[in-house]
Each structure stands twice: as C-alpha cells, then as structure tokens.
Number of protein chains: 2
Amino acid sequence: MQKADYIIRGDYVLPMDENQTVIKDGAVVVQGNKIADTGSFDEISKKYFSEKIVGGKNRAVLPGLINTHTHAAMVYFRGMADDLPLKEWLEEHIWPAESRWLSPEFVSDATELACLEMLKAGITTYNDMYFFEDASGRAAKKIGMRAVLGAGIVDFQTIAGKGAEDYLSKAERFIKDWKNDELIVPCIAPHSAYACGPETLKKVKELADKYNVPIHIHLSEAQWEVDDIEKKYGKRPAEYLHDLGFLDEKIVAVHCVWLNDKEIELLARHNVGVSHCIESNLKLSSGIAPVPQMLKSGIKVTFGTDGAASNNDLNILSEMSTAAKAHKAISNDPTVLDAKTALLMATRWSAEVLGLGNVTGSLEKGKAADCVILNLDKPHLTPLYDIYSHIVYSAMASDVETVFVNGKLVLDEGRLCTADEEAIISKAREWRKKIK
Amino acid sequence: MQKADYIIRGDYVLPMDENQTVIKDGAVVVQGNKIADTGSFDEISKKYFSEKIVGGKNRAVLPGLINTHTHAAMVYFRGMADDLPLKEWLEEHIWPAESRWLSPEFVSDATELACLEMLKAGITTYNDMYFFEDASGRAAKKIGMRAVLGAGIVDFQTIAGKGAEDYLSKAERFIKDWKNDELIVPCIAPHSAYACGPETLKKVKELADKYNVPIHIHLSEAQWEVDDIEKKYGKRPAEYLHDLGFLDEKIVAVHCVWLNDKEIELLARHNVGVSHCIESNLKLSSGIAPVPQMLKSGIKVTFGTDGAASNNDLNILSEMSTAAKAHKAISNDPTVLDAKTALLMATRWSAEVLGLGNVTGSLEKGKAADCVILNLDKPHLTPLYDIYSHIVYSAMASDVETVFVNGKLVLDEGRLCTADEEAIISKAREWRKKIK
C-alpha cells in the first residue's frame, strides 16, 4: 500500500484520455503535484491509502477546465459599458479607462479577482494577453492558478510601453524571468496583424522560436479587420500571416471568425490552435466562427471567455453550452458540436494548443493534478442519464465544489484556500469607486 | 407606523415599473400576500416597522422572473437524449418515454423537481403545457409557485386522452376546478396548428372565450411546420390562425421562429403575446426567431425555457443572456436587445402576456409580493457599474438567495421552505432508475 496525498473520488471520473473513458465510482490519486494513478475506487483502494479522501457520492471528477483566451485584468471593467457599437464601446469606454487606470497594481489586484472567479468556475489554466504581465504572474501564483501569460505587443505607444521595440524587449525580459516557473508559462502576445506590422511580427516569431514559447494573437475577429489587411497587404489575414512564415503549432489564434476555406486549410496544415470566444463574438456582433468546418479540417478548436468587459464573465462551462447550441443553429444540424466534443475541446485539446499537452488537460498518470470536483446533488442536475450532457448543458459554476491545481487544494467546498475572498472583492470595490 | 410582514431591502430595488426606476438602498413592504409600498429604505422606515427585514447590503431586489413556456414535468427526461436530429430525438426517445411513463404520479413528482429548480433560479411564475395538469397544479401549489397551467389538446390518442373531444372536455373540467385558485391560472393548450385541426382550434377558442382563460400554443417552431400548414391550408401558420379568428390578446404563441413580415404584423395587430425559447431553438436547430423585428412591431416578446429535455435547464437568467447575445450577432447590431429590455421582457411584459398584468411582473403597490433577492456579493458580480448588465449578463441562478411568492417566503438563503429538497431529488433518482 502506498500513501497518497489525496484520493479524489467520484461517481463519475472523466479522465479525458484518448478514448474518453468514463470511470464509474472512480478515483484519482494525487502524490505531490502529480497524478499517480486513476481507476475504479475499488482498485485504487487496494493500492493506496490516504488521510484525505475528497469527493465521493454524487460527485463528478474531471480535469480542470482551460480558458484559452482572456484579458484577465479587464475584469475590473466588467459591465462598465454594454449594448454599444464596438467602436463606441472601445474608443469611448474601454481605451480611456485603460489609459487612465492601467498599472502593475491595477493588473495585480484585478488578476486576483479574475483568478478567483475562474477557479470558482472550475478553470485551472488560462491563457492571457495583456500588459504588466509580471504583476499578473505574481497574482496568479498567489491564487494558485496555472497560466500562460502573453506579454502584449503593439506598434504604438500605450500606458505600458513606447512602441514595438520597447514591448519586444520587455517581452524578452519577461520570458527570461518566468521561463522555468512551475505554474506560469511566459508567452508573447502580438495583439493582431492590424496592430503589429510585418517587421514586428517577424521579431515576435524570432523571439518565440528562440525561447520556444507560445504566441497568442487575435485573428480575424471582425469583418473590418479582414478588409483592412486585404487593403494593406493584398491578402486575407491568415494568408498574410502564412506568407510571413508566422504560422506553426506554437500559435494560438483567437476568434478566427472571418476565415475562408483556404485560410482554414492553412491553419490546419500548420497545426495552429484556435481559441473560440462565442459569447464575446455574439455580444459584440463580431460574427460566428466556422467552428464545425475548422473541426472537420482537423484544427484543434478550444474555448476562450475573452475579457469580462465584453462577455461579461469568465466561465468556460457557459462557453461550452453557448457554443454547442449556437453552432447547431447556425449549421442547421443538431448533431454538431456534441457534449463529448465540447468537453474535449475545453480540456485535453486546450492543453495541447497551449503547449501543455504533457502537463495538464487530462487526468492521466504523470500529469499535474489539475482537477475539478462537481457536485451533482442539485435539482438542475437531476435526474442524470449522461454525464457529458450534464456538464455541458446543465452544470453551472456554482456546482464546482473543489479544485486542485498542481496537486494543491485551491478551492475547498467552493471557498478559496489561498487568499481572502472578501479582501479580493473589497479591493475591487475600492477600485470601482475610483474608476467611475 | 404600520406593521409589515416583511420589509425586503436591497442596495438596488428594481420595481420594473413603467419608467424602469432603480431605487438605491430601497425597500419593498409586504403585508399579507401583497406589496403595500416601495421606496427608499429611509422613507419606508419612517412609515413601517417589521420583525422581518430581509436582504440588505450587496443585495438587489427584483420582481420574480417569469418563464412563459415550459413542459415542467419533462424535467425527468433532462439529458436523456441530446445532439440528435429532432425527428430521432422525438420519435425514438421522447415520445416512447412519454407513452411508457406519463401518469398523474409522474407529473406530480416531476413538477415538484421543476418548481424547485425554477424557484432556485428566481422564477416565481411559469406557463406550462402538458397533460395531467391537475397533478401539476397540486405540485406547484405545494411548492408555492404561481403557474398558468395549460391542459394539452391534440387530435390524436395519447396516454392522457382519446382524441380532441376527450381532451377538450378534460380541459373544461380542469378550468372549472381551478378557475378561482389564488396561485394557479387554468389555461387551454392546443399543441399547435399541425397537431390540432381547425375544428378543434375553433372549440378551443370558444372554451377560452367562455371562461376567459389564456390559450398556450406552439407556433412556427420549425420550417417543416410552415411547409405542412401551407400545403394543407394554402397559408402560413399565423395567417391561417388569423383567418380562423383565433388571434387575440389571450394567445401566448410559443417559438414564432418562422414568421414573415405579414405574420408579424398580424400578431402585433391582435396583441398576441410571444414566448421566445432561444436556448431550445438553438439546441434543436429550429432556427432563430425574428425578435428585434417583433419588438419593433410592438409585440410583447417574453422568454421561455421550453422543457428541460430540450434545453437542458429551467433558467430565465441564462435565457436572457443567451437571447441578448444571439440577437446582437444575428442582427449584426450590438445595441439590439439591451439588458434593460431583456429584464422588462422577463418580468412585466411576461405577466401582461399571461393575463397577470394586475397580479405580478413588477414590484408595485397592490400587486402580489412575488419577489427575488439576488446576492451581489460574488466575484463574478464584482465590480458593479450597472445593475441591469449584471443581472442579464453575469448573474447565475446560484445568486438567487431569497424568493417570495404571493407574500410567502418560499426560498430562504437558497433553501426551499415549503418541502424537503432531498426528498424531491431522491424521488427523481428513483424514477430515473425505472426509466432507463
């Protein structure tokens, strides 16, 4: 008998392995920060003992969900402006608020709130794009989340930098500082093909290749963006990035709403990962990404919440549900994006897209113990015929009971273990008073 | 000073009156089953005292939400079959399950679960269409919900009746039995223009006129339904119902996905109320109703969850959010269906559409005390710039803390006061074992 730090038990354990096995009355064994074993609770009980057996009856155990696109600190602008045309929303509300308020302190405080919200929604890893990512990294580590943090790059001056060279040198320094962290993966995040010229994008690519880090970029979110790039470079955005030599498996391309067949083929051929942000795309009227076609072509499509200023929450359970429903309607085919596929996209595939396929995204021996327990003992999850259906179509963030990140219990019975929730909320209210 | 049974206090009280006033640090006074007064907490404190002051800091107070279309008892089939073509879903899963299991006992037990789920999501009134509505009425009253219960009418035999005449006579008896109930409004529910012939629909109309009860009917949910009616009667469904003399303000027309301009004008002209079921329509690929056009023409559009077999929950907060987002994308206009309008649709307009405009749907003196307290002290509701935005785009069912129906406290700190939650869930699990 071996000693385990935790044995996590559930009526349903969904390892999200290659075969999407469902283990009835299953268990996950945690030793240190790793998963040591999985199997039926009976088998596991014969091999391991632990003082800490968590979960149990009417519980489901699944890998931590992954949010492949957000601007976490924008959570402080949640609901500041809604139901407005994109241009007015951005130019009259979001940009002025950012130029006025952005600072390492703002990013640190806001990121704590975002991490708290995400953990409570069963998200254990997120992929960020913003400025002052050092502050973001310290906040994420404090709360105990895994994060891929993209140092923002644009060609113009902002409150966070003077221009391309300045952002690039900050990004390189950021990558060096965080390269070997256990929870934080540094990343480089050129905003888009319209906010970064070809010279900047080439330098971004060199930097990413030099340090072998992911690249996080917005791609074809809005129709005007396609028009803009076509006018400037005579090609559509994905084609343009391809011809620059930019596309490879390190790229996380966000939105991908306005792609034609040729562009889909280019992304597929170069193993580009895609982050689909359905709720943000709907709310800002950006359009609806061709997800079924991307999936058919073999592209790993995953889910992102986008920033809470445009969504207005950081909740991958609701992204899965909204996406599964929206694409059925748009495709006129109710079999599209079934629940099992949606959960695969939000876990295993997301980890692979972020270059974390060996680290997280499934409950398999040797991976980090990033794990969520859902409480199924709720009216809206009763009766239960199919566990995938319940997770995707019926579960809410409030059903997330317990969360482990890297073997550490970070959310216990819905309460944060690593910091004071009330203090995080109070700080947000203090900022709110200043902001508007 | 007058004595109040309850004083309900909140940082934000949203009476949903004609002007959509927001009362900061407001209060609602409950005496018996009625609202005696509303105003700022300061003013109210000078006029009333109560031993029971509920709500308070970081709370929002709003009228109970209204679900204008469901088949409550189908909650027992939640997640039984998903991601399937409509025909296969209906003919191979839902209908066989219904013929095998439907009974007054099934409907009673399942309705208790549905009511529990709805109260926990802040819904205080629902509009039902099913069979064995006596059982449904007893269950709703036991749990303490307000309900408009539509006795189902079809032209063919089912487990609940032999044919049109049988359903009609059952419906008349049902109406007589429940006509003066305080919480239950009996209603007549012809399934649709394709499941009820013109003779049946005429008799339905006569019955509704005789007893002055609402009519609850599916209308133009699917494209094939329009084709079917056009082939049979040479006109589109709304036109056909109009020419039968069927359309008036007593009609709640559900779905209304496939309407042309002329049909929209007909519904508007006759003050037909519409129940929009966006999540069900998306999930079953039925299409997307022309909601902005209906609103523009003056039609009162409201929200329905449809049955949990096709949704898969009974949650008007998420219907508001999904609808507001989906219509922005479809219209290519982010100003469409703003948060304020969405909440109006889910409260005041819904009550009016159900013929309950004098009874519920707003927090105004003389109306029944149907009232919800939301707990805003949550990470995903922080910071707060706009209360409407938070309710529509960020709030979850789990933020519903306290619910009053008809002056009675039915949900207290998220727990049901009127029956045993665990017993309701256990009963559902017992049925589940039998069903599949």
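Residues numbered from 1 in each chain as written. Chains lettered and ligands numbered in written order. Predicted model: local features only at pLDDT ≥ 70, side-chain atom pairs only at ≥ 80, totals over all residues. Heavy atoms only, no water.

Caption draft 1: Representation of the overall build of chain A. In terms of helices and strands, chain A carries 16 helices and 18 strands. For 436 residues, the compact-globule estimate of 2.2 N^0.38 gives 22 Å, and the C-alpha radius of gyration of chain A, at 21 Å, lies within 12% of that figure. Taking the principal axes of its C-alpha atoms as reference, chain A extends roughly 65 × 45 × 45 Å. A total of about 14,600 Å² of accessible surface is found on chain A, and carbon and sulfur atoms cover 49% of it. Placing the 51 positive and 63 negative side-chain charges of chain A at their respective mean positions leaves the two points 3 Å apart. (Helix = DSSP H or I, 4+ residues; strand = E, 2+ residues; numbered from the N terminus. Rg over C-alpha atoms; globule rule 2.2 N^0.38 Å. Areas by Shrake-Rupley, 256 points an atom, 1.4 Å probe, with all protein chains shown as cover. Lys, Arg positive; Asp, Glu negative; His and termini not counted. Charge placed at Lys NZ, Arg CZ, Asp CG, Glu CD.)

Caption draft 2: The interface of chain B and chain A, seen in detail. In this complex, chain B contributes 62 residues to the contact, which on the side of chain A involves 62 residues. Contact between chain B and chain A buries roughly 4,800 Å² in total, counting both sides, with carbon and sulfur atoms accounting for 60%. When the buried area of chain B at its contact with chain A is split by residue, Asp83, Pro379 and Tyr385 of chain B rank highest and sum to 16% of it. The interface formed by chain B and chain A contains six salt bridges. Measuring nitrogen to oxygen at the nearest pair gives 2.8 Å for the salt bridge that ties Asp377 of chain A to Arg429 of chain B. Here chain B is connected to chain A by 33 residue pairs in polar contact (both at pLDDT 80 or more). When residues of the side of chain B that touches chain A are traced back to their parent elements, those giving at least two are α3 (104–120), α10 (278–283), α12 (316–331), α15 (387–394) and α16 (421–435) of chain B. Looking at the side of chain B that touches chain A residue by residue, the class counts come to 30 nonpolar, 14 polar and 18 charged. (Contact = heavy atoms within 4.5 Å. Buried area = accessible area lost by both parts, 1.4 Å probe. Salt bridge = Lys/Arg side-chain N within 4 Å of Asp/Glu carboxyl O. Polar contact = N/O pair within 3.5 Å; in protein donor to acceptor, adjacent residues only side chain to side chain. Nonpolar A, V, L, I, M, F, W, Y, C, P; charged D, E, K, R; others polar.)

Caption draft 3: Summary view of the sheet that holds strand β18 (residues 415–416) of chain A. Pairing within the open sheet is mixed, and its eight strands lie in the order β4-β3-β2-β6-β15-β16-β17-β18 (chain A). Two strands lie at the open edges of the sheet, namely β4 (34–40) and β18 of chain A, each paired on one side alone. (Pairing = 2+ DSSP bridges.)

Caption draft 4: Expanded view of empty space enclosed by the protein. For the structure on display, the rule yields four cavities of 30 Å³ or more. Volume-wise, the largest cavity comes out at about 430 Å³. Elements with a minimum of two residues in the lining of the largest cavity: α12 (316–331) and α15 (387–394) of chain A together with α10, α12 and α15 of chain B. Grouping the amino acids of the lining of the largest cavity by side-chain chemistry returns 13 nonpolar, ten polar and six charged. (1 Å grid on protein atoms, 1.4 Å probe; cavity = no way out; pocket = protein on both sides within 12 Å on 5 of 7 lines; lining within 4 Å. Points joined across faces, edges and corners; volume = space filled by probe spheres on them.)

Caption draft 5: Looking closely at unusual backbone geometry. Across the junction of Asn311 of chain A and Asn312 of chain A, the peptide omega takes the value 15 degrees, indicating a cis bond. Topologically, Asn312 of chain A is positioned in the loop between β14 (301–303) and α12. With a phi close to 55 degrees, Ser285 of chain A is a non-glycine residue in the positive phi region. By secondary structure assignment, the location of Ser285 of chain A is in the loop between α10 (278–283) and α11 (291–296). With relative accessibility at 8%, the residue Ser285 of chain A sits in the buried group. Unusually for a residue other than glycine, Phe132 of chain B sits at a positive phi of about 55 degrees. Following the sequence through the fold, Phe132 of chain B ends up in the loop between β8 (123–130) and α4 (133–143). (Buried < 20%, exposed > 50% of the residue type's maximum accessible area, 1.4 Å probe, protein only.)

Caption draft 6: Representation of the relation of the copies chain B and chain A within the structure. Under the fitted operation, chain B is carried onto chain A by 0.0 Å of movement along the axis and a turn of 180 degrees, and the coordinates agree to an RMSD of 0.0 Å. Such a combination of turn and shift is consistent with a two-fold rotation axis. Residue Ser398 of chain B of chain B places its C-alpha closer to the rotation axis than any other residue of that unit, at 3.1 Å. (Least-squares fit on C-alpha atoms with pLDDT ≥ 70 in both.)

Caption draft 7: Structural context of the domain arrangement of chain A. All names here are of chain A. Each assigned domain of chain A is listed with its residue range as follows: domain 1 (2–63 + 369–405) and domain 2 (65–353). Look at where the C-alpha atoms of domain 1 and domain 2 centre, and you get two points 29 Å apart. With 23 residues of domain 1 at the interface, the matching set in domain 2 holds 27 residues. Buried area between domain 1 and domain 2, summed over both chains or domains, comes out near 1,900 Å², and the portion from carbon and sulfur atoms is 65%. At the junction of domain 1 with domain 2, the criterion picks out two salt bridges. (Domains from an automatic or database assignment.)

Caption draft 8: How the structure looks around the packing of aromatic side chains. Residue and element names in this part refer to chain A. One pass over the structure, following the stated rule, counts 22 aromatic pairs over all chains. Seen in terms of ring centroids, Tyr76 and Trp431 are 6.2 Å apart; in terms of plane orientation they differ by 45 degrees. Their pairing is tilted. Of this pair, Tyr76 sits in the loop between β7 (65–70) and α2 (86–101) while Trp431 is found in helix α16 (residues 421–435), placing the two residues 355 residues apart along the sequence. Each member of the pair, Tyr76 together with Trp431, is buried. (Phe/Tyr/Trp six-rings, centres within 6.5 Å; stacked < 30°, edge-to-face > 60°.)

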